[in-house]
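The residues making up each chain are set out below.
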Amino acid sequence: MNIPIIADLESSQLRELPDFRVGDTVRVHYKIVEGDKDRIQVFQGVVLKRHRAGARSTFSVRKVSFGVGVERVFLSHSPRIDKVEVVSRGVVRRARLFYLREHQGKAARVRDQKDA
Amino acid sequence: MNTQPGVIGEKIGFTQYFTPDGTVKRVCVVKAAPLVVVGKRTVEKDGYTALIYGFDDVKEKHVTKPEMGAFKKANVAPKRVVRELRCEAEFAAKFEIGATVKLDEVFTEGQFIDAQGVTRGRGFTGVMRRWNFAGGVQTHGTHEYRRHGGSIGTNMTPGRTLPNLKMGGQYGNETVSVLNLKIARVDAEKGLLLIEGGIPGSKSGIVTVRHAVKKRIKRGG
């Protein structure tokens, strides 16, 4: 989908994020508005997928919290994202890591680039 | 008769943008430039007031000679789409014949509009797609009755199928209006309208955008 007019409209929305890929572990610092106060919440997990579509781009992050899998979809260019830190680079062989949902414990890990 | 001021344009597609607080607005992009006034209808001559818009330049060889005559008379380049929109006399007086219509002269941000387009044609369609019927069961010995609509009425009384029953038929390719959409942004320079919500029709389809009929904005003040 490459419509020049829409790409032009979206170009002003785009913001720079650090380079991270599917399989990387990231810390997303996300602004949360509570009443009239802002605070920053950190969500750390494995990037399951990246949907690259101009200003509409998203990425999904999965973590296991108290034994329960939690996934969040972030809008890549949202002003509510304070920053994204890359904790570690993963080695994966596919673009979407949905198989992690069916795995538990040791099987649900992504190989680290340092170990590879 | 709808005499709200409006323009014609081309549907470009959908996008979204972020407001400063981070909420997302989904918008439909309509391109309405270069849009020129090709002609006018006046009460004295035609009995009603309307503006005739021409949209999208086209080569001279692609218009007929009578059409070309009308363009020459207005002293404008030939246009692909020519549409007439009824309007009030005051609105028509704002534009000369041959003038280019700037979008910020017609619309303001945050105002409500009605959009009209021709929906994508789906051809002759069965009841499941056209009316969201459930169809029949797929198993238990079903024979040639999987995508049917079921009963269409009783037997002796009234002895006929009642009118307006939901059945298969042509679906889509009809003119549909969506009322009370909101203008998110007017870009007069590029000739773009950003409209919150969806407008019927395919990309590059011709749409009409007019001030809302059922939601008047307060003028003046």
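Residues numbered from 1 in each chain as written. Chains lettered and ligands numbered in written order. Predicted model: local features only at pLDDT ≥ 70, side-chain atom pairs only at ≥ 80, totals over all residues. Heavy atoms only, no water.

## Concerning the interface of chain B and chain A
Taken together, the contact between chain B and chain A spans 20 residues of the former and 15 residues of the latter. A buried area of about 1,400 Å², summed over both sides, lies between chain B and chain A, and 65% of it is on carbon and sulfur atoms. Inspection of the chain B/chain A interface yields one salt bridge. Asp8 of chain A is paired through a salt bridge with Lys190 of chain B; the nearest N and O atoms lie 3.3 Å apart. Our count for the contact surface shared by chain B and chain A stands at four residue pairs in polar contact (both at pLDDT 80 or more). Sort the elements by how many residues they give to the side of chain B that touches chain A and strand S1 (residues 6-18) of chain B lands first, with seven residues. Considered class by class, the residues forming the side of chain B that touches chain A number nine nonpolar, six polar and five charged. (Contact = heavy atoms within 4.5 Å. Buried area = accessible area lost by both parts, 1.4 Å probe. Salt bridge = Lys/Arg side-chain N within 4 Å of Asp/Glu carboxyl O. Polar contact = N/O pair within 3.5 Å; in protein donor to acceptor, adjacent residues only side chain to side chain. Helix = DSSP H or I, 4+ residues; strand = E, 2+ residues; numbered from the N terminus. Nonpolar A, V, L, I, M, F, W, Y, C, P; charged D, E, K, R; others polar.)

## Quick word on a nonpolar patch on the surface
On the surface, Ile152, Leu162, Leu165 and Met167 of chain B cluster together into a nonpolar patch covering about 330 Å² of accessible area. On the basis of relative accessibility, which here comes to 44%, the residue Ile152 of chain B falls in the partly exposed class. (Patch = residues over 30% accessible without salt bridge, like charges linked within 9 Å, V, L, I, M, F, W, Y side chains within 5 Å. Areas by Shrake-Rupley, 256 points an atom, 1.4 Å probe, with all protein chains shown as cover. Buried < 20%, exposed > 50% of the residue type's maximum accessible area, 1.4 Å probe, protein only.)

## Brief notes about the environment of Asp112 of chain A
All names here are of chain A. Along the chain, Asp112 turns up in strand S7 (residues 111-112). Note on Asp112: relative accessible area 18%, which makes it buried. With 54 residues separating them in the primary sequence, Asp112 and Thr58 have C-alpha atoms 23 Å apart. If sequence neighbours within four positions are ignored, Asp112 has contacts with Ser88, Arg89 and Val91.

## A word on the environment of Arg52 of chain A
Residue and element names in this part refer to chain A. Residue position: Arg52 is located in the loop between strand S2 (37-51) and strand S3 (58-65). Given the relative accessible area of 61%, Arg52 is considered exposed. Ignoring anything within four residues of it in the chain, the contact list for Arg52 reads Phe20 and Ser57.

## Here's the deal with the packing of aromatic side chains
All names here are of chain A. With the rule as written, the count across this model stands at five aromatic pairs over all chains. Aromatic pair Phe20 and Phe59: ring centres 4.9 Å apart, planes at 70°, arrangement edge-to-face. Taken together, the positions of Phe20 in the loop between helix H1 (4-11) and strand S1 (25-34) and Phe59 in strand S3 put the pair 39 residues apart, joining distant regions of the chain. Accessibility classification places Phe20 together with Phe59 in one group, the buried group. Among the aromatic residues, ring-to-ring pairing joins Phe20, Tyr30, Phe43, Phe59 and Phe74 into one connected group. Above the ring of Phe43, the side-chain terminus of Lys63 is found at 4.8 Å from the ring centroid. (Phe/Tyr/Trp six-rings, centres within 6.5 Å; stacked < 30°, edge-to-face > 60°. Lys NZ or Arg CZ within 6 Å of the ring centre and 35° of its normal.)

## Structural notes on the domain arrangement of chain B
Quite often, the size of an interface is put as the accessible area lost when its parts meet. Residue and element names in this part refer to chain B. According to the domain assignment, chain B consists of domain 1 (1-27 + 103-139 + 168-215) and domain 2 (34-101). Here the C-alpha centroids of domain 1 and domain 2 sit 24 Å apart. In this complex, domain 1 contributes 16 residues to the contact, which on the side of domain 2 involves 14 residues. Regarding the contact of domain 1 and domain 2, the summed buried area is about 1,400 Å², with carbon and sulfur atoms giving 64% of it. Here domain 1 is connected to domain 2 by zero salt bridges. At the boundary of domain 1 with domain 2, the tally comes to four residue pairs in polar contact (both at pLDDT 80 or more). Counting residues per element, the side of domain 1 that touches domain 2 draws most heavily on S1, which supplies five residues. Here the side of domain 1 that touches domain 2 is built from residues that sort into seven nonpolar, six polar and three charged. (Domains from an automatic or database assignment.)

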